[in-house]
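Close look at the chain arrangement
Listed below are the residues making up each chain.
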Amino acid sequence: SDLSLSVSISSRELFSPSQKYQLLVYHADSLFHDKEYRNAVSKYTMALQQKKALSKTSKVRPSTGNAASTPQSQCLPSEIEVKYKMAECYTMLKQDKDAIAILDGIPSRQRTPKINMMLANLYKKAGQERSSVTSYKEVLRQCPLALDAILGLLSLSVKGAEVASMTINIIQSIPNLDWLSVWIKAYAFVHTGDNTRAINTICSLEKKSLLRDNVDLLGSLADLYFRAGDNKNSILKFEQAQMLDPYLIKGMDVYGYLLAREGRLEDVENLGCRLFNISDQHAEPWVVSGCHSFYSKRYSRALYLGAKAIQLNSNSVQALLLKGAALRNMGRVQEAIIHFREAIRLAPCRLDCYEGLIECYLASNSIREAMVMANNVYKTLGPNAQTLTLLATVCLEDPVTQEKAKTLLDKALTQRPDYIKAVVKKAELLSREQKYEDGIALLRNALANQSDCVLHRILGDFLVAVNEYQEAMDQYSIALSLDPNDQKSLEGLQKMEKEESPTDATQEEDVDDMEGSGEEGDLEGSDSEAAQWADQEQWFGMQ
């Protein structure tokens, strides 16, 4: 196309105006597929100018031209399609305002469903909710089964009943489509933050023979269990989805994060490698690898990997949380706050986004801001075990609100006696009050139906406080079997062993002294690696 266009400049009679227009579009398309978006926009603009001149010529001479020109002109790319491709270029260049401007220029009656869909997404991203709702509704008017448009409306707080009314005619006219109204109801609960009812509704859908073993529903169910703080069931559903579809990428970033939190770093590493083999153009593999680095305390590398994931998908909540957590642990709290706020904007119903921001406030001793945020979350998402525990966590930071923290934690544990975060915070409060027997009873009760590294470790600490050394060692050992990288459990166990055998302890100290230089070498290696990743991060412009 490039060679032909050059020839057409020297020999104007070689190609007709319509053929030149087609050549310009071909050339622009090839540039688009080569990711030369600015150049493609330039050529699409030239094509539109050529089309305009062609339209003027056809108006002036409507009867001229041979008979073959009519079918040829009918096969030409439409002006609307060219504008859509220009908008795609602008979105790839992150020039959303220009993309909106070019699509807004298309008359409403001429907009196809995909143009309305792109406009709706762009309006939503720009915060123009009313315009976004209008565009999504227009998509549904033309395509009543456009599920992305349904999800878009639900995410903008449009009532589930209103959305369902827009699809009722098509549901009634097609057999075996009655499940769609239940599907809409389920995702209406998802977008209002009612995780319990969303889980129950999706479970009822998943049990139906028509949708049994549906990977998308299983992924949604896993994500909902995660949001509800039920990590065990979340992991089980992710594993079930992964078995059904070995090439699944969606949701694997959350799955990797959960595995990393449980200390299963080898599984996280294997998952990351497998995802990279599927595709390195999605954010999920980079986030999973970043989680492995973060929980290996290699924060600089985690920061780089999180930034790379955001570069691939700026709407990846898990990537924003990873980068924010890495920044916080590196002492760059103000930058971390920016990332957590963006995560909250994208996922206002996800509690972990608020937890990250509140942790930043507490790290910078901004207790007042943390309290305001925790109260807002409590009012927005409702009084459930998670929001009660989050508010109690902030109250524990202020001596004046210790009693309030105790009340909130008791309410949380009444709702969910197995909620690990609430148990941990209640144990922390009992430890401050030196009520070790009460703490032991609380932890034993929590561990009756589940096994968790942190709970076993804290139980070990409480048993040490009441001189139950042998059982304390057992608890530390169990904790380490669940998470071999848990440093606090290792320290507790080593302390017990030294107290039990002073002679052996002296020998161990001598061995530690001999190995000290080797450990320093490892630390130096990690510093140089951190500097290497920091350099790469700066090179990619990912500050």
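A quick note: this is a predicted structure, and the numbers were derived from the prediction, not measured.

What counts, and where the lines are drawn
Residues numbered from 1 in each chain as written. Predicted model: local features only at pLDDT ≥ 70, side-chain atom pairs only at ≥ 80, totals over all residues. Heavy atoms only, no water. Helix = DSSP H or I, 4+ residues; strand = E, 2+ residues; numbered from the N terminus. Buried < 20%, exposed > 50% of the residue type's maximum accessible area, 1.4 Å probe, protein only. Contact = heavy atoms within 4.5 Å. Arc of directions from axis to C-beta. Phe/Tyr/Trp six-rings, centres within 6.5 Å; stacked < 30°, edge-to-face > 60°. Lys NZ or Arg CZ within 6 Å of the ring centre and 35° of its normal. UniProt positions renumbered as here; feature names shortened; annotations may be inferred. pLDDT = per-residue confidence, 0-100. Core = buried A, V, L, I, M, F, W, Y, C linked by side-chain atoms within 4.5 Å. Expected span 1.5 Å × (residues − 1). Polar contact = N/O pair within 3.5 Å; in protein donor to acceptor, adjacent residues only side chain to side chain. Axes fitted to C-alpha atoms, helices over the stretch in contact; angles between N-to-C directions. Parallel < 35°, antiparallel > 145°, perpendicular 65-115°, else oblique. Left-handed = near helix turned anticlockwise from the far one by under 90°. Nonpolar A, V, L, I, M, F, W, Y, C, P; charged D, E, K, R; others polar. Salt bridge = Lys/Arg side-chain N within 4 Å of Asp/Glu carboxyl O.

Attention now moves to the overall build of the protein chain. Assigned secondary structure in the protein chain consists of 31 helices and 0 strands. Taking all 543 residues of the protein chain together, 46% fall into the buried category. When contacts within the protein chain are restricted to residue pairs at least 6 apart in sequence, long-range pairs at least 24 apart make up 51% of them.

Moving on, we get to helix α27 (residues 436-446). Among the residues making up α27, those that are buried are Gly439, Ile440, Leu442, Leu443 and Ala446. For α27, the buried positions fall inside an angular range of 165 degrees around the axis, keeping them on one side. Projecting away from the buried face of α27 at angles above 90 degrees are the exposed residues Glu437 and Asn445. In this structure, the buried side of α27 is in contact with α25 (402-415), α26 (420-432) and α28 (453-465).

The description of an aromatic ring pair rests on the distance of the ring centres and on the angle between the ring planes. Overall, the coordinates contain 8 aromatic pairs when judged by the stated rule. Seen from their ring centres, Phe226 and Tyr257 are 6.0 Å apart, and the 80 degrees between their planes marks the pair as edge-to-face. Remark: Tyr257 occurs in helix α16 (residues 252-261) and Phe226 occurs in helix α14 (residues 215-227); sequence separation between them is 31 residues. Both residues of the pair, Phe226 and Tyr257, count as buried. Taken together, the ring pairs in this structure connect Phe294, Tyr295 and Tyr299 into an aromatic cluster. Directly above the ring of Tyr84 sits Lys114, whose terminal nitrogen or CZ lies 4.4 Å from the centroid. The ring of Trp286 is capped by Lys308, whose NZ or CZ atom sits 5.5 Å from the centre of that ring.

Attention shifts here to the UniProt feature "repeat: TPR" (unreviewed entry) in the protein chain. The feature "repeat: TPR" (unreviewed entry), as annotated in UniProt, sits at residues 317-350 and 453-486 in this numbering. Summarising residues 317-350: 79% helix, 0% strand, and an end-to-end C-alpha distance of 10 Å.

Mean pLDDT over the protein chain works out to 86, with 89% of the residues at or above the 70 mark. Between residues 61-71, whose pLDDT stays under 50, and residues either more than four places distant or in other chains, the model counts 0 contacts.

Among the nonpolar cores identified, the biggest contains 97 residues, and Ile358 and Leu443 are the most heavily contacted of them. Leaving out residues up to four positions away in the same chain, Leu443 has contacts with Val423, Ala427, Leu455, Ile458, Leu459 and Phe462.

Now for α25. Helix length check: α25, at 14 residues, gives a terminal C-alpha distance of 20 Å against a target of 20 Å (1.5 Å per residue), a fit within 8%. Next to the buried residues of α25 lie α24 (385-395), α26 and α27.

Turning to the side chain of Ser316, a few remarks are in order. With respect to the helices and strands, the residue Ser316 is situated in the loop between α19 (299-312) and α20 (317-329). Among the polar contacts made by the side chain of Ser316, one reaches the main-chain amide nitrogen of Ala319 at a distance of 3.2 Å. Leave out the neighbours within four places in its chain, and Ser316 touches Asp253, Ala283 and Val287.

Interhelical geometry of helix α12 (residues 179-191) versus α14 gives an angle of 25 degrees and a closest axis separation of 12 Å. The pairing of α12 with α14 is recorded here as roughly parallel in orientation. In terms of crossing hand, the pair formed by α12 and α14 is left-handed. Residues Trp183, Tyr187 and Val190 of α12 form the contact with α14, whose participating residues are Asp216, Leu217, Ser220, Leu224 and Arg227. Tallied by class, the residues present in the contact of α12 with α14 amount to 5 nonpolar, 1 polar and 2 charged.

Its location among the elements puts Cys349 in the loop between α21 (333-346) and α22 (351-363). Once the C-alpha coordinates of Cys349 and Thr192 are considered, the two residues, 157 residues apart in sequence, prove to be 7.3 Å apart. When neighbours within four sequence positions are excluded, Cys349 is seen to be in contact with Val190, His191, Thr192, Gly193, Arg227 and Leu381.

Evaluation of the coordinates by the stated rule reveals 25 salt bridges. Put simply, Arg141 and Glu138 hold a salt bridge, and the shortest N to O gap is 2.5 Å. Of this pair, Arg141 and Glu138 are both found in helix α8 (residues 129-142), 3 residues apart, which corresponds to roughly one turn of the helix. Each of Glu239, Glu262, Arg264 and Asp267 takes part in one network of salt bridges that share partners.

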